[in-house]
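The primary structure of each chain is shown beneath.
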Amino acid sequence: MAQVSLKNVTKIFPSGIKAVDSINLGVENKEFMVLVGPSGCGKSTTLRMIAGLEDVTAGEIYIGDRKVNNVPAKDRDIAMVFQNYALYPHFTVYENMAFGLKLRRYPKSEIDQRVKEAAEILGIKHLLNRLPKQLSGGERQRVAVGRAIVRRPLVFLFDEPLSNLDAKMRVQMRTEIHKLHIRLQSTMIYVTHDQVEAMTMGDRIAIMKDGIIQQIADPLTLYDRPCNKFVAGFIGSPPMNFMKGTIIKKDGYLYFDEGRFRVRLVQEMYKSMDSYIDKEVIFGIRPENIYDKLFISQVPPENVIKATCDIVEPMGSEVYLYLNTGLHTFVARVGNYDRPRVNQEIELVFDMSKVHFFDKDTEETII
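Computed from a prediction, not measured in an experiment: that's the story for all the values here.

**Q** Help me understand the overall build of the protein in this model?
**A** When its secondary structure is counted, the protein shows nine helices and 20 strands. Expressed as a percentage of the 367 residues in the protein, the buried residues total 49%. Residue pairs in contact within the protein that sit at least 24 positions apart in sequence constitute 66% of those at least 6 positions apart. Counting every atom, the protein has about 17500 Å² of accessible surface; 48% of that belongs to carbon and sulfur. Within the protein, the 46 negative side-chain charges are centred at a point lying 7 Å from the centre of the 49 positive side-chain charges.

**Q** Sorry, what's going on with unusual backbone geometry here?
**A** If a residue is not glycine, its phi is most likely negative; likewise, a peptide bond is most likely trans. In this structure, the amide linkage connecting Ser237 to the following residue, Pro238, adopts the cis form with an omega of -5°. When you line up the elements, Pro238 lands in the loop between helix H8 (229-234) and strand E11 (241-250). Located in the positive-phi region is Asp210, a residue other than glycine, with phi close to 55°. Note that Asp210 resides in the loop between strand E9 (204-209) and strand E10 (212-217). Residue Asp210 is classed as exposed on the basis of its relative accessible area, which comes to 56%. For Glu363, which is not glycine, the phi dihedral falls at a positive 60°. Structurally, Glu363 is set in the segment after strand E20 (356-359). Since its relative accessible area comes to 32%, Glu363 is described here as partly exposed.

**Q** Explanation requested: helix H3 (residues 108-122) in the structure shown.
**A** Structural remark: α-helix, 3.6 residues per turn; residues separated by three or four positions point the same way. Taking 1.5 Å as the rise per residue, H3 with 15 residues should run 21 Å; its terminal C-alpha atoms sit 21 Å apart, in good agreement. The complete set of buried residues in H3 reads Ile111, Arg114, Val115, Ala118, Ala119 and Leu122. Each buried residue of H3 sits inside an arc of 130° when the element is viewed along its axis, so together they form one side. Projecting away from the buried face of H3 at angles above 90 degrees are the exposed residues Ser109 and Glu120. Buried residues in H3 make contact with helix H2 (93-103) and helix H4 (137-149).

**Q** So what exactly am I meant to see when it comes to the nonpolar core here?
**A** When a protein is soluble and globular, its nonpolar side chains tend to lie buried together. Judged by nonpolar contacts, the single largest core of 47 residues is most densely connected at Met97, Val115, Phe158, Tyr190 and Ile207. Ranked by size, the runner-up nonpolar core spans 31 residues in total, among them Leu254, Phe256, Tyr276 and Phe283.

**Q** I'm lost on the packing of aromatic side chains in this one. Help?
**A** Between two aromatic rings, the relevant description is the distance of the centres plus the angle of the planes. Summed over all chains, the structure comprises 15 aromatic pairs. Judged by centre distance (5.7 Å) and plane angle (40°), the ring pair of Phe32 and Tyr190 falls under tilted. Here the residue Phe32 occupies a position in strand E3 (residues 32-36), and Tyr190 occupies one in strand E8 (residues 187-192), the gap between them amounting to 158 residues. In terms of burial, Phe32 and Tyr190 fall into one category: buried. A centroid spacing of 5.8 Å and a plane angle of 25° characterise the contact between Phe230 and Phe234, whose relative ring orientation is stacked.

**Q** How should I be thinking about the environment of Gln215 in this particular structure?
**A** Relative to the assigned elements, Gln215 resides in strand E10. Taking the C-alpha atoms as reference, Gln215 lies 35 Å from Asn336; in sequence the two are 121 residues apart. For Gln215, the contacting residues outside a window of four places in its chain are Ile205, Ala206, Ile207, Thr221, Leu222, Arg225, Pro226, Cys227 and Val231. Among the polar contacts made by the side chain of Gln215, one reaches the main-chain carbonyl oxygen of Arg225 at a distance of 3.2 Å. Only 2.7 Å separates the side chain of Gln215 from the backbone nitrogen of Cys227, close enough to count as a polar contact.

**Q** Before we go on, may I ask you to explain the pattern of salt bridges in this structure?
**A** When the charged atoms of two side chains lie near each other, side chains of opposite charge can form a pair. Applying the stated rule across the entire model yields 14 salt bridges. Salt-bridge contacts for Lys18 lead to Asp21; the nearest nitrogen and oxygen are separated by 3.7 Å. Residue Lys18 is classed as partly exposed on the basis of its relative accessible area of 43%. The class of Asp21 is partly exposed, set by a relative accessible area of 27%. Because the salt bridges share partners, they merge into one network encompassing Lys11, Arg48 and Glu54.

**Q** Looking at this structure, how should I read the sheet that holds E10?
**A** Whether parallel or antiparallel, the strands of a sheet pair through hydrogen bonds between backbone atoms. Taken together, the six strands give an open sheet; going across it, the order is E6-E7-E8-E3-E9-E10, and neighbouring strands pair in mixed fashion. Since the sheet does not close on itself, it has two edges, and those belong to strand E6 (78-81) and E10, each with one partner. Taken pair by pair, the neighbouring strands of this sheet meet at an average axis angle of 15°, ignoring direction. Here E3 runs beside E9; their pairing, made up of four bridges, is parallel. Paired with Leu35 across the two strands is Ala206, which belongs to E9. Taken strand by strand, H4 contacts E6 and strand E7 (155-159), and its axis lies near 175° from that of E6.

**Q** Sorry if this is basic, but what is going on with the packing of H4 against helix H5 (residues 167-184) here?
**A** Relative placement of two packed helices is described by the angle separating their axes and the distance separating the axes. Two numbers describe how H4 lies on H5: the axes approach to 11 Å, and their chain directions differ by 20°. For the element pair H4 / H5, the angle class is roughly parallel. Judged by the sense of rotation from one axis to the other, the crossing of H4 with H5 is right-handed. Residues Gly138, Gln141, Arg142, Val145 and Ile149 of H4 form the contact with H5, whose participating residues are Met169, Gln172, Met173, Glu176, Leu180 and Leu184. Here the residues of the contact of H4 with H5 sort into six nonpolar, three polar and two charged.

Rules of the game
- Residues numbered from 1 in each chain as written.
- Predicted model: local features only at pLDDT ≥ 70, side-chain atom pairs only at ≥ 80, totals over all residues.
- Heavy atoms only, no water.
- Helix = DSSP H or I, 4+ residues; strand = E, 2+ residues; numbered from the N terminus.
- Buried < 20%, exposed > 50% of the residue type's maximum accessible area, 1.4 Å probe, protein only.
- Contact = heavy atoms within 4.5 Å.
- Areas by Shrake-Rupley, 256 points an atom, 1.4 Å probe, with all protein chains shown as cover.
- Lys, Arg positive; Asp, Glu negative; His and termini not counted.
- Charge placed at Lys NZ, Arg CZ, Asp CG, Glu CD.
- Expected span 1.5 Å × (residues − 1).
- Arc of directions from axis to C-beta.
- Core = buried A, V, L, I, M, F, W, Y, C linked by side-chain atoms within 4.5 Å.
- Phe/Tyr/Trp six-rings, centres within 6.5 Å; stacked < 30°, edge-to-face > 60°.
- Polar contact = N/O pair within 3.5 Å; in protein donor to acceptor, adjacent residues only side chain to side chain.
- Salt bridge = Lys/Arg side-chain N within 4 Å of Asp/Glu carboxyl O.
- Pairing = 2+ DSSP bridges.
- Axes fitted to C-alpha atoms, helices over the stretch in contact; angles between N-to-C directions.
- Parallel < 35°, antiparallel > 145°, perpendicular 65-115°, else oblique.
- Left-handed = near helix turned anticlockwise from the far one by under 90°.
- Nonpolar A, V, L, I, M, F, W, Y, C, P; charged D, E, K, R; others polar.

Below, the structure is given as structure tokens:
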């Protein structure tokens, strides 16, 4: 069994910088766990501590039932795929993939079998006699993954492996790694700053900020029920829109008053928002939950808002509208059937069943 467990793990560098702050993380056997967050949040440092490439300042790391804090990297039964491929330029593809097994003195016949099996899985059998300089970026990354596969480790670790590839190749390799996980049924921990990679690949995702794990959940839970404003804004593309305003009560209804517009809350939110009446809150809505005039007839008139269109960004099947109310700017993602003009005032509808509210001071989710 290849569970990975981090218990109150902290990393403080000699300079005094606390890169990882007492995190707890449990990765189940055969799970694909993604660590995601902005640059400098501590995700790669966390991965390097699991790998044994960084010492742990405090806390405990377990791989399976074995505490590995003081176990050398080579003895942890892990394989790591790096951002820069880390291939030996004077070795062929075959030699690069076989090198780790040769160091461990595996028989030549077994090395040959493992390398050719991995090459078959990754579709690089025809490249085994080439040097790295003769390969494309995507092919080099496949070799780096193949070098990890031949080891047959308990745990695979990926440190932003796709960040050096172009957009099309990233999508292709993302799919390949996902298929590889299904085929190998191995435990994988994957680090990225790209939330699209995280959402499409992970069984669960751990979102980090400033060395602290903010939330761990499956992709849809993170999208639908973020625990705070940071998580809500990090997951989703384009990101969630945020506006400050006040919750007011009028004629038995609750409203969010932005200053230039007012929208009525759905009844299911009243209990959670009752204690925030006459208080300032942060209102959040995703661009895909904002609709244009085709939907206006389906909502109460008070939930129709007006905004000025600053930028129209065609994206093919849909259009991104960058809008402003005079107090806040926000983005709407609408269909390609209607393109307003720049500086045109348009009417829009918020899907009030899908809005979020956050405490102004703590930025924790209210609902």
